[in-house]
Amino acid sequence: MFMKAATAIAAFDDDIMVPAIAQGKNLDYEGELSIVIGKTGKNIPRKEALSYVAGYLASNDVSARTWQRDPEYSGVVPQWSYAKSFDTFAPLGPMLVSPAVAGAADNLRLQTLVNGEIRQDTNTNDLLFDVAYIISFLSQGSTLERGTVIMTGTPDGVVLGMPDPKPWLKDGDVVEVKIQHMGSCVNRIVYDQAKSTL
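Criteria and cut-off values
Residues numbered from 1 in each chain as written. Predicted model: local features only at pLDDT ≥ 70, side-chain atom pairs only at ≥ 80, totals over all residues. Heavy atoms only, no water. Helix = DSSP H or I, 4+ residues; strand = E, 2+ residues; numbered from the N terminus. Buried < 20%, exposed > 50% of the residue type's maximum accessible area, 1.4 Å probe, protein only. Contact = heavy atoms within 4.5 Å. 1 Å grid on protein atoms, 1.4 Å probe; cavity = no way out; pocket = protein on both sides within 12 Å on 5 of 7 lines; lining within 4 Å. Points joined across faces, edges and corners; volume = space filled by probe spheres on them. Nonpolar A, V, L, I, M, F, W, Y, C, P; charged D, E, K, R; others polar. Phe/Tyr/Trp six-rings, centres within 6.5 Å; stacked < 30°, edge-to-face > 60°. Pairing = 2+ DSSP bridges. Axes fitted to C-alpha atoms, helices over the stretch in contact; angles between N-to-C directions.

The name that an unreviewed UniProt entry assigns to the chain is Fumarylacetoacetase-like C-terminal domain-containing protein, with the source organism given as Exophiala xenobiotica.

Encoded structure:
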């Protein structure tokens, strides 16, 4: 579990602006189903959890793996939030699909493509924990405020799990995450020209 900054949120067609500090730092995609909470709740029973869902989105949990996992950057224990919270590192959209349409979102095809090449191709029924369980678990002792976005995790096919030499994302690459009935996030990787402050 980790938190991404609210400023990481980007539109479904925005550029993913990679700051100087994350350029060349093993940039990766993570195609994911996201849940948007529709009403504030705490200690939500699993059987009531879907009533707290405003809708579902396609999303991309962009990650700079060097800052997440390399001890020279992240320290001895891998960390998550910094490596995943740069501005625009959480594209969402393009539409919010109601549970009235998608139900528990537990049988939808999810695909991630890079420059048109399929990298991830699975179904949301492959999630280790279903939507109701995730909401109930995260609400234990912690308030889930209306508007909270929960990214549910990514399937096999990320660059991190590929053999060397790994095809890390680079400037100009186009990443598409699409989920059945939910449309696609289509975002271009753009190296920000602002210089590092260090």
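Q: So what about the environment of Phe12? Which residues, and what values?
A: Along the chain, the position of Phe12 falls in the loop between strand S1 (9–10) and strand S2 (16–18). A residue is classified by how much of its surface remains accessible, and Phe12, at 33% relative accessible area, is partly exposed. If we skip the residues at most four places from it in the chain, Phe12 touches Leu92, Gly93, Pro94, Ser184, Cys185, Val186 and Asn187.

Q: Can you explain the layout of surface pockets? Please cite residues and give values.
A: Space inside the largest pocket adds up to approximately 1400 Å³. Lining the largest pocket are 45 residues, with Met1, Phe2, Ile150, Met151 and Thr152 sitting closest to its centre. Only strand S4 (31–37), helix H1 (65–69), strand S7 (90–97), strand S9 (117–123), helix H5 (131–138) and strand S10 (149–151) provide two or more residues apiece to the lining of the largest pocket. When residues in the lining of the largest pocket are grouped by element, the largest group, 4 residues, is from H5. Looking at the lining of the largest pocket, its residues break down into 25 nonpolar, 10 polar and 10 charged.

Q: Give me the lowdown on the packing of aromatic side chains, citing residues and values where you can.
A: Counted by the stated rule, this structure contains 7 aromatic pairs. A ring pair is formed by Trp67 and Tyr82, whose centres lie 5.3 Å apart and whose planes are at 75°; its orientation type is edge-to-face. Placement of Trp67 in helix H1 and of Tyr82 in helix H3 (residues 81–84) is noted, with a sequence separation of 15 residues between them. We classify Tyr82 as partly exposed; its relative accessible area is 39%. Seen from their ring centres, Phe86 and Phe89 are 5.3 Å apart, and the 70° between their planes marks the pair as edge-to-face. Accessibility assignment for this pair places Phe86 and Phe89 in one class, buried.

Q: Tell me what's going on with the sheet that holds strand S5 (residues 53–60), and back it up with residues and numbers.
A: The 5 strands are arranged S1-S7-S5-S4-S10 in an open sheet whose pairing can be described as mixed. Among the strands making up the open sheet, the edge pair consists of S1 and S10. Contacts from H5 reach S4, S5 and S10, with the element oriented near 60° to S4.

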